[in-house]
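One-letter residues, chain by chain:
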Amino acid sequence: MRIGLDFDNTIVSYDVLFHKVALEQGVIPPDTPANKLAVRDHLRATGREPVWTEMQGTVYGARMDEALAYPGVIEFLQWAGQAGHDLAIISHKTRHPFLGPQYDLHAAARAWVEHHLCVAGQPLIPPAQVFFELTKEAKLARIASFGCDLFLDDLPEILLAPGFPSATRPVLFDPEGHHGADAVLAARQVRSWHELAKWLET
Ligand SMILES: [Mg+2]
């Protein structure tokens, strides 16, 4: 099976890193939950949207290497490779942050993949099958051209987009149960990487 995987908030969890950077900058109270949305909500509620915007450039650029893989990602990729599945990362993100220093966000993400998604020096996903596109449309086109049988993403708007290829099974990654029945109607929903492997095994 050809399995396509989203990157941000699907393979990579930024919760701990946003919390850490926000604490370092002194822009959140210490008791703020270690959660990206809690950091964002606090900054918005206190009228500091630009701080939030610039912090994204810091996290996705300068500090990217400190971001963590979701629990179970490495085990899933190892299992899927051994089971003969063909894996790709298909993501979209801007090349540079909207505010602040102009880090190359694609280069930072690719370096993260090289550093974190390997075992014994061997990449778990072939580098030629790691795609960072600039737009949502290009991402949807890549899902189609790679011939994904299945695509995993944390955003229903990708999985339910009119341009989502009809031959690809959409699967929603929803570890915190943010999405209700509407999202589930058209997309299979998993709460963890372990759950995805268990489902594919059956
Ligand atoms: Mg995502």
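For the structure, check the block above.
Residues numbered from 1 in each chain as written. Predicted model: local features only at pLDDT ≥ 70, side-chain atom pairs only at ≥ 80, totals over all residues. Heavy atoms only, no water.

Caption draft 1: Spatial organisation of the pattern of salt bridges. Throughout the structure, instances matching the rule amount to 11 salt bridges. Taking the shortest distance from any N to any O, the salt bridge between aspartate 41 and arginine 40 comes out at 3.1 Å. Look at aspartate 41 and you get partly exposed, because its relative accessible area is 40%. (Salt bridge = Lys/Arg side-chain N within 4 Å of Asp/Glu carboxyl O. Buried < 20%, exposed > 50% of the residue type's maximum accessible area, 1.4 Å probe, protein only.)

Caption draft 2: Layout of the pairing of strand 9 (residues 169-173). By the criterion of burial, strand 9 is predominantly enclosed, with four of the five residues buried. In the sheet, strand 8 (residues 150-153) pairs with strand 9 via four bridges, with the strands oriented parallel. Looking at strand 9, one finds that aspartate 153 is bridged to leucine 172. Here three bridges tie strand 9 to strand 10 (residues 188-190), and the two strands are oriented parallel to one another. Of the residues in strand 10, the one forming a bridge with leucine 172 is glutamine 189. (Helix = DSSP H or I, 4+ residues; strand = E, 2+ residues; numbered from the N terminus. Pairing = 2+ DSSP bridges.)

Caption draft 3: Here's a closer look at the coordination of the magnesium ion. Coordination of the magnesium ion by the protein involves Asp6 (OD), Asp8 (O) and Asp154 (OD), with metal-donor separations of 2.1 to 2.2 Å. Binding-site remark: the magnesium ion is held by donors from one chain whose sequence spacing is D-x1-D-x145-D. Of this pair, aspartate 8 sits in the loop between strand 1 (2-5) and strand 2 (12-13) while aspartate 154 sits in the loop between strand 8 and helix 7 (156-159), placing them 146 residues apart in sequence. The exposure classification of aspartate 8 matches that of aspartate 154, with both residues buried. (Donors = N, O, S within 2.8 Å, 3.2 Å for Na, K, Ca; no water.)

Caption draft 4: Representation of unusual backbone geometry. Here asparagine 9, not a glycine, exhibits a phi torsion of approximately 65°, which is positive. Inspection of the secondary structure assignment puts asparagine 9 in the loop between strand 1 and strand 2. Unusually for a residue other than glycine, alanine 120 sits at a positive phi of about 55°. Looking at the secondary structure, you find alanine 120 in the loop between strand 5 (118-119) and strand 6 (122-123).

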